[in-house]
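Analysis of the macromolecular model
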Amino acid sequence: MIVKMDQTWHEKVMNYLSAEPALNLFIIADIENFGYETDSQDIWADVEENGAITGILLRYKGNYLPYAKGEINAKAFSEIINKDKSYEMLSGKKEITEQFIPYLQFERTKELYFAELKDATSLKKNISRESILQAELKDVDSLMELKYLIKEFSIGKTAKESLEQALSTKTGRTYFIREEDTVVSCASSTAENSVSAMIVGVCSHPEKRNKGYASLCMEALCYDILAEGKTLCLFYDNPKAGSIYKRLGFKDIGFWSMNYSVQTTETPKNQEVVK
């Protein structure tokens with residue numbers, strides 16, 4: 001039975017999602033940030049007669065994120081999605097989203113490797129922190145100057161605002177290296193919640209690549225977040241970047257699938273680059 005979730009279900013919902021904190025990073029973050037009573041977000045669950053949850057579907061604006069530990073009630077959840085005229089995308093672990101194929105129309109699909117880091121075993125314990133800074137709001141303009149130089153990135157109109165919001169709300173942090181007045185490398189987290197966080201925006205200035213700067217930023221960032229008891233994850237589609245992440249201890253746990261509805265016109269580029 002599909003049930004619309006509210007605050008009274010919160011403990012059961014979080015217990016169900018926390019079994020795989022990396023895969024459920026976005027769902028957990030959205031619930032913690034926006035709750036159950038908002039116009040922009042809805043959460044439904046497939047509930048058995050004994051009250052046990054067997055699947056979750058979260059809507060944030062036009063984006064839907066499904067999750068289940070195995071088979072999901074894709075038919076029932078699809079009936080909800082198909083009634084939404086603002087539906088834009090269904091995203092999640094490939095094994096889950098592909099169960100919706102018989103019931104939803106997708107214009108196209110983009111798949112990325114999904115990797116997870118649970119401990120700091122492979123990270124350097126004695127990273128020199130002298131050159132690594134943690135960003136504050138006053139650093140946003142300098143960080144954006146670097147990001148605009150990275151041809152692999154697709155920078156949206158709200159990118160600066162999103163970075164400012166992440167720093168202000170503590171849902172993301174950025175570590176960076178500056179030479180004189182120029183930011184030459186950075187690494188960021190996003191969608192930080194009580195149990196997990198995602199690494200994004202790892203990059204170096206085109207003239208400062210292959211010096212290990214981005215790896216230094218990323219190792220320091222990962223080490224600090226892991227020390228808080230959180231699980232880390234990231235997307236990548238570049239095998240070269242993937243090999244660097246794996247040296248830091250990240251392990252592939254599957255594919256993340258983004259399935260765009262027929263009215264969606266733009267596919268965002270992946271923003272995971274280490275040089």
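Details of the structure are given in the entry above.
We now turn to the structure provided with this report. What you see is a predicted model; the values in this text were computed from it and never measured.

Observations concerning the packing of aromatic side chains
Taken as a whole, this structure holds twelve aromatic pairs when the rule is applied. Relative to Tyr67, the ring of Tyr16 lies with its centre 5.6 Å away and its plane at 65°, an arrangement referred to as edge-to-face. Remark: Tyr67 occurs in strand β4 (residues 63-67) and Tyr16 occurs in helix α1 (residues 10-17); sequence separation between them is 51 residues. An angle of 70° between the planes, with centres 6.0 Å apart, marks the rings of Tyr64 and Tyr87 as edge-to-face. A residue pair is termed long-range when its members are at least 10 positions apart, and Tyr64 in strand β4 and Tyr87 in the loop between α3 (74-82) and β5 (89-93) qualify at 23 residues. With respect to burial, Tyr64 and Tyr87 carry one shared label: buried.

Comments concerning helix α6 (residues 159-169)
Residues spaced three or four apart along an α-helix face the same direction, because each turn holds 3.6 residues. Looking at α6, one finds that the buried residues are Leu163, Ala166 and Leu167. Down the axis of α6, the buried set is contained in an arc of 95°. They therefore lie on one face. At its buried positions, α6 is contacted by α5 (140-148) and β8 (174-179). Immediately downstream of α6, the backbone of Lys170 shows phi near 65°, a positive value.

Some points on the state of the cysteines
Tallied over the full model, the rule gives zero disulfides. Here Cys203 is not disulfide-linked; the sulfur of Cys186 is the nearest cysteine sulfur, at 3.7 Å.

What about the sheet that holds β5?
Strand order in the open sheet made by the twelve strands is β1-β2-β3-β4-β5-β12-β6-β11-β10-β9-β8-β7, with mixed pairing throughout. With partners counted over all chains shown, the strands left at the sheet margins are β1 (2-4) and β7 (132-134), one partner each. Neighbouring strand axes in the sheet, compared pairwise and without regard to direction, differ in orientation by 25° on average. Sheet analysis places β8 next to strand β9 (residues 182-190), joined by six bridges and oriented antiparallel. Bridge assignment links Phe176 to a residue of β9, and that residue is Cys186. Contacts from helix α7 (residues 213-227) reach β6 (108-117), β7, β8, β9, β10 (196-204) and β11 (231-236), with the element oriented near 35° to β9.

Things to note about the environment of Glu130
Relative to the helices and strands, Glu130 is located in the loop between β6 and β7. Among the residues examined, Glu130 registers a relative accessible area of 77% and is labelled exposed. The spatial distance from the C-alpha of Glu130 to the C-alpha of Leu216 is 11 Å, given a sequence separation of 86 residues.

Some words on unusual backbone geometry
Its identity as a non-glycine residue notwithstanding, Glu180 has a phi of 55°, on the positive side. By relative accessible area, which is 78% here, Glu180 ends up exposed. The backbone of Asn210 shows a phi angle near 65°, a positive value even though the residue is not glycine. Note on placement: Asn210 falls in the loop between β10 and α7.

Considerations on the pattern of salt bridges
Across all of its chains, the model carries 15 salt bridges by this definition. Lys160 is the partner of Asp141 in a salt bridge, and the nearest nitrogen-oxygen pair spans 2.8 Å. A residue pair is termed long-range when its members are at least 10 positions apart, and Asp141 in helix α5 and Lys160 in helix α6 qualify at 19 residues. Owing to a relative accessible area of 45%, Asp141 belongs among the partly exposed residues under this scheme.

So, the packing of α1 against helix α2 (residues 25-34)
Here α1 crosses α2 at 155°, and the two axes come no closer than 10 Å. In terms of their interaxial angle, α1 and α2 are classed as roughly antiparallel. By crossing handedness, the relation of α1 to α2 is classed as left-handed. Of the residues in α2, those in contact with His10, Val13, Met14 and Leu17 of α1 are Ile27, Ile28, Ile31 and Glu32. By residue class, the composition of the contact of α1 with α2 is six nonpolar, one polar and one charged.

Criteria and thresholds
- All residue numbers refer to position in the chain's written sequence, counted from 1.
- Only residues with pLDDT of at least 70 are given local features in this predicted model, and only at 80 or more are side-chain atom pairs given and counted; all residues enter the totals for whole chains, interfaces and linings.
- With hydrogens and water set aside, each side-chain value is computed from the structure's full complement of heavy atoms.
- Side-chain rings of Phe, Tyr and Trp (the six-membered ring for Trp) are treated as a pair once their centres are within 6.5 Å; stacked means planes under 30 degrees apart, edge-to-face means over 60, and tilted covers the remaining angles.
- To qualify as a helix, a DSSP run of H or I must reach at least 4 residues; to qualify as a strand, a run of E must reach at least 2; elements of each kind are numbered from the N terminus.
- The rule is simple: take the accessible area with a 1.4 Å probe, protein chains only, and divide by the maximum for that residue type; under 20% is buried, over 50% is exposed, in between is partly exposed.
- Arc definition: it is the arc formed by the directions from the helix axis to the C-beta atoms.
- Throughout, a contact is declared for two residues whenever any of their heavy atoms are within 4.5 Å.
- Cysteine sulfurs are considered disulfide-paired once they come within 2.5 Å of each other.
- When DSSP finds at least two bridges between two strands, those strands are taken to pair.
- Here the axes come from fitting lines to C-alpha atoms, over the contacting stretch only for helices, and the angles between their N-to-C directions go from 0 to 180 degrees.
- Salt-bridge detection follows one rule: a side-chain nitrogen of Lys or Arg within 4 Å of a carboxyl oxygen of Asp or Glu.
- Angular relationships are summarised with four words: roughly parallel below 35 degrees, roughly antiparallel beyond 145, roughly perpendicular across 65 to 115, and oblique for the angles in between.
- The sense of a crossing depends on the near helix, which, turned anticlockwise from the far helix by less than a right angle, makes the crossing left-handed and, turned clockwise, makes it right-handed.
- Each residue receives one of three labels: charged for Asp, Glu, Lys and Arg, nonpolar for Ala, Val, Leu, Ile, Met, Phe, Trp, Tyr, Cys and Pro, and polar for the others, Gly being one of them.

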